[in-house]
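Next come the chains, spelled out residue by residue.
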Amino acid sequence: GAGVSQSPRYKVAKRGQDVALRCDPISGHVSLFWYQQALGQGPEFLTYFQNEAQLDKSGLPSDRFFAERPEGSVSTLKIQRTQQEDSAVYLCASSLERLAQETQYFGPGTRLLVL
Amino acid sequence: QKEVEQNSGPLSVPEGAIASLNCTYSDRGSQSFFWYRQYSGKSPELIMSIYSNGDKEDGRFTAQLNKASQYVSLLIRDSQPSDSATYLCAVGSNFGNEKLTFGTGTRLTIIP
């Protein structure tokens, strides 16, 4: 079956532009996560949804970052007024249930470059 | 102190030998532990998960967990060049929301 998909795969933005990154989780997966991975670093947690509810947004670095999952499936991560420090790979992951022992399956990521 | 620590490497191992990757974590209440493999430019791929103390084997991979020492390791037997990648240790939150905290990763190179 299809895995987690993300679009666009690559995005170049000028500083100050708004960007929107899309994640299509595996069908039926309840939990959805966004992570940010800087070059040479491990992924860092941004936010977590259980169905349409955003249960944890403690990792969002500033109020310029906003995520939504209005129908409990597709999710969008929006970054307003992008800055150079926002350049990173943004990874989306989904898992079947809300249990801690569920496997998170990662999408291919969106590589964002802010000039 | 980082919550999850790994030696960043690079770790070079001859083909056919055993590669040993180590990870320590700071949150004593953590309950779930994962090893992900990440090839350059690709997304993380789950290799092993472990939840209780002891060893867990899957093919050439063995994960070891010691909660008292807050230590988790991954052994790769009969290392192959295709095992060359960055290995990420991840620890599951014990607060009910299951976010993963990752280490910075260990870059492993298998030398033919």
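Just so we're clear, the structure is a prediction, and the values are computed from it rather than from any experiment. (Residues numbered from 1 in each chain as written. Chains lettered and ligands numbered in written order. Predicted model: local features only at pLDDT ≥ 70, side-chain atom pairs only at ≥ 80, totals over all residues. Heavy atoms only, no water.)

Participant: Hey, could you go over the overall build of chain B for me, with residue numbers and the actual values?
Facilitator: Assigned secondary structure in chain B consists of zero helices and eleven strands. Along its sequence from the N terminus, chain B presents helices and strands in the succession β-β-β-β-β-β-β-β-β-β-β. Taking 13 Å as the expected radius of gyration for a compact globule of 112 residues, we find that chain B reaches 13 Å, a close match to that expectation. Taken over the C-alpha atoms alone, chain B extends approximately 45 × 30 × 20 Å along its principal axes. Out of the 112 residues belonging to chain B, those deemed buried represent 44%. The contacts of chain B with a sequence gap of at least 6 include a subset with a gap of at least 24, amounting to 54%. (Helix = DSSP H or I, 4+ residues; strand = E, 2+ residues; numbered from the N terminus. Rg over C-alpha atoms; globule rule 2.2 N^0.38 Å. Buried < 20%, exposed > 50% of the residue type's maximum accessible area, 1.4 Å probe, protein only. Contact = heavy atoms within 4.5 Å.)

Participant: An account of the nonpolar core is needed here, citing residue identities and associated values.
Facilitator: Formed by 23 residues in total, the largest nonpolar core has its most connected members in Trp35, Val72, Leu74, Ile76 and Tyr87 of chain B. For this core, the secondary structure elements donating two or more residues are strand E3 (19–25), strand E4 (32–38), strand E5 (45–50), strand E7 (61–66), strand E8 (71–76), strand E9 (85–92) and strand E11 (106–111) of chain B. The contact partners of Leu74 of chain B, leaving out residues within four places of it in the chain, are Ala19, Ser20, Leu21, Trp35, Met48, Phe61, Thr62, Ala63 and Tyr87 of chain B. The next biggest cluster of nonpolar side chains, apart from the first, holds 20 residues, and it includes Leu46, Leu77, Ala88 and Leu112 of chain A. (Core = buried A, V, L, I, M, F, W, Y, C linked by side-chain atoms within 4.5 Å.)

Participant: I'd like to hear about the state of the cysteines, residue by residue, with values.
Facilitator: Across all of its chains, the model carries two disulfides over all chains by this definition. Note that Cys23 of chain A is cross-linked by a disulfide to Cys92 of chain A, the S-S spacing being 1.8 Å. Across the S-S bond of Cys23 of chain A and Cys92 of chain A the torsion is about -65°, and the bridge reads as left-handed. Pair noted here: Cys23 of chain A is in strand E3 (residues 19–24) and Cys92 of chain A is in strand E9 (residues 88–95), with a separation of 69 residues, a long-range link. Across the pair, exposure class does not vary: Cys23 of chain A and Cys92 of chain A are buried alike. Disulfide pairing is shown between Cys23 of chain B and Cys89 of chain B; the S-S distance is 2.1 Å. What sets the handedness of the Cys23 of chain B and Cys89 of chain B disulfide is the S-S torsion sign, and at about -70° it is left-handed. Of this pair, Cys23 of chain B sits in strand E3 while Cys89 of chain B is found in strand E9, placing the two residues 66 residues apart along the sequence. Residue class for Cys89 of chain B comes out buried when judged on its relative accessible area of 0%. (Disulfide = S-S within 2.5 Å.)

Participant: Could you give an account of the sheet that holds E3 of chain A, with specific residues and numbers?
Facilitator: Residues and elements named next belong to chain A. Pairing in this open sheet of four strands is antiparallel, and the strands run E1-E3-E8-E7 from one edge to the other. A single partner strand is all that each edge strand has here, and the edge strands are strand E1 (5–7) and strand E7 (65–68). Averaged over all adjacent pairs, the angle separating strand axes in this sheet is 15°, with direction ignored. With three bridges connecting them, E1 and E3 associate as antiparallel partners. (Pairing = 2+ DSSP bridges. Axes fitted to C-alpha atoms, helices over the stretch in contact; angles between N-to-C directions.)

Participant: For the packing of aromatic side chains, give the residues involved together with the corresponding values.
Facilitator: Residues and elements named next belong to chain B. Here the structure, examined in full by the defined rule, presents eleven aromatic pairs over all chains. Aromatic pair Phe34 and Tyr36: ring centres 6.5 Å apart, planes at 45°, arrangement tilted. This pair shows no difference in class: Phe34 is buried, exactly as Tyr36 is. (Phe/Tyr/Trp six-rings, centres within 6.5 Å; stacked < 30°, edge-to-face > 60°.)

Participant: Run through a nonpolar patch on the surface, naming residues and quoting values.
Facilitator: All names here are of chain A. A cluster of nonpolar side chains, namely Val12, Leu113 and Leu115, defines an oily patch on the protein surface of about 290 Å² accessible area. Position of Leu115 relative to the elements: it lies in the segment after strand E11 (110–114). A relative accessible area of 56% means that Leu115 is categorised as exposed. (Patch = residues over 30% accessible without salt bridge, like charges linked within 9 Å, V, L, I, M, F, W, Y side chains within 5 Å. Areas by Shrake-Rupley, 256 points an atom, 1.4 Å probe, with all protein chains shown as cover. Salt bridge = Lys/Arg side-chain N within 4 Å of Asp/Glu carboxyl O.)

Participant: Give a detailed account of the sheet that holds strand E1 (residues 4–6) of chain B, specifying residues and quantitative values.
Facilitator: In sheet architecture, strand pairing relies on hydrogen bonds along the backbone and comes in two forms, parallel and antiparallel. All names here are of chain B. Read across the open sheet, the five strands follow the order E1-E3-E8-E7-E6; overall the sheet is antiparallel. Edge positions in the sheet fall to E1 and strand E6 (54–58), since each of these pairs with one other strand and no more. Pairwise comparison of adjacent strand axes, ignoring direction, gives a mean angle of 20° for this sheet. Of the pairings in the sheet, the one linking E1 to E3 comprises three bridges and is antiparallel in character. Note on E3: the bridge partner recorded for Glu5 is Thr24.

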